[in-house]
Amino acid sequence: MTVFSAPLRLRLDSRALVNNWRWLQQRNGAAACGAAIKADGYGAGAVEVMRRLLDAGCRDFFVSNWAEARPLEPLLEEGISLAVLHGVRAEDMEVALASRARPVLCTPDQIVRWKAAGGGICDLMVDTGMNRLGLDWRGDSLAEIEGLTVDTLLSHLASADEDTRLSQLQLERFGALKASVPAQRYSLANSAGICLGPDYAFDLTRPGLALYGGVPRAEAAGKIAQVVFPQAQLLQRRHVPAGDSIGYNATHVVVRDMDIAVLNIGYADGYLRAFSGRGIVKAGDIALAVVGRVSMDLVAVDVSAQPSLVEGDWLDIDYALPEAAALSGLSQYELLTGLGDRFDRLWE
Ligand SMILES: *Cc1c(COP(=O)(O)O)cnc(C)c1O
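Owing to the predicted nature of the structure, the values given are computational and were not obtained by experimental measurement.

Conventions we followed
In every chain, residue numbers begin from 1 and rise along the written sequence. Note on the predicted model: pLDDT of at least 70 is required for a residue's local features to be given, and 80 or more for side-chain atom pairs to be given and counted; whole-chain, interface and lining totals, by contrast, use all residues. Just so you know, side-chain values use all the structure's heavy atoms and leave hydrogens and water out. A pair of cysteine sulfur atoms is labelled a disulfide when the two atoms are within 2.5 Å. Exposed residues in this analysis have more than 50% of their type's maximum accessible area, buried residues have under 20%, and partly exposed residues fall in between, with area computed by a 1.4 Å probe over protein chains only. Whether a residue is near a molecule or strand depends on its heavy atoms: it is near if one of them lies within 4 Å of it. Under the rule applied, a polar contact is a pair of N or O atoms within 3.5 Å (in protein, one hydrogen donor and one hydrogen acceptor; residues adjacent in sequence only if both atoms are side-chain atoms). Under the convention used here, a 1.4 Å probe and the Shrake-Rupley method define accessible areas, while residue burial counts only the protein chains that appear. For cavity detection a 1 Å grid was placed over the protein atoms alone, and a set of points counts as a cavity when a 1.4 Å probe fits there but cannot get out; an open set counts as a pocket when protein lies on both sides within 12 Å along at least five of seven lines, with lining residues being those that have an atom within 4 Å of a point. Whether a molecule sits in a cavity or pocket is decided by its atoms, more than half of which must lie within 2 Å of the grid points. Gly is placed with the polar residues, together with every amino acid not listed as nonpolar (Ala, Val, Leu, Ile, Met, Phe, Trp, Tyr, Cys and Pro) or charged (Asp, Glu, Lys and Arg).

A. The state of the cysteines, seen in detail. Throughout the structure, instances matching the rule amount to zero disulfides. Looking at Cys33, it has no disulfide partner, and the nearest cysteine sulfur is the one in Cys58, 6.4 Å off. The exposure class of Cys33 is buried, given its relative accessible area of 4%. In this model Cys122 remains outside any disulfide bridge; the closest cysteine sulfur is found in Cys106, 11 Å from its own. For Cys122, a relative accessible area of 0% gives the class buried.

Right, here's the structure in full:
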């Protein structure tokens, strides 16, 4: 049998993933700690992430839509819950009714649809100030929920990663909802919300970013460990004489003779052009500068001082999320979820 291996890979650290989840769980007080695994587990791979967190004791998972729920269905044993955050469109009903996952109903129309179909236990999203998905907290449409059996009542924080009054306001509004809307459980906090303290935890939290190594607030710095480590293979090493330029649009003109390594990763893999002339690649502890533009499938780094690097070597893309976000101007979320499907994903 021929084993095909891709020229680029993600090393994924199981222990870091589980430790991040445990750290978040400990900040929760008595509340349960769930896991947002939408967008294919923020690029890491939802099935593999869910398996590892199930082993660690996580029982509550969240995805955005029913296509994301489908490959997770076989993992939904008794006592494991999967909630679909965007609720049910008319087109989703057949799949949703047959699924072991629950919709998080977000609109009056969704509620009517679910009730008419006798859909059973569901979750409910109430908007407390973000003005994204959910019934309005002021209650105009809250009357619609009469007759629903709500497992979890959710709301989502808009600015928990900053110090603003909005989080406190949302907390107060959510507390009032808890007193007036019956549900088995209440859930407000994402990763950043967990860092705001146990008042925000209620019965269940829904971290995403921090599970995967994102640092949502200063409280998590040094506690949350990197999970996703992209690596790319060296395809060609070349000598570039002074005066020549490198890459598309000749943005980098070589002043002194330079040796470059051309690596198999580019913007189609999520290594966006924001890293052009700025990204850092590592050979062991040695930092190598990205030179010129990032192409669709390739990037060049300066290896003048590293004569031992040759075709076939693997190099580490520097992808510590807070630093890579600061360098590129991309959010930590974009850095994770943009990682494409050309990587081999290798869990360690
Ligand atoms: C994505 C999402 C989360 C997870 O948020 P993070 O900031 O990644 O921790 C939680 N709840 C809802 C409703 C979401 O959409």
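Next, the rest of the story.
B. Looking closely at the site of the ligand. If you check the shell around the ligand, you find 14 residues, and the closest are Lys38, Tyr42, Ser191, Leu209 and Tyr333. At 2.8 Å from an oxygen atom of the ligand is found a main-chain nitrogen or oxygen belonging to Gly208. For the ligand, the accessible surface in isolation is 390 Å², of which the surrounding protein chains cover 94%. With respect to the pocket detection grid, the ligand is positioned in the largest pocket. Class assignment for the residues of the shell around the ligand results in seven nonpolar, four polar and three charged.

Keep in mind these numbers describe shape, not what the thing actually does.
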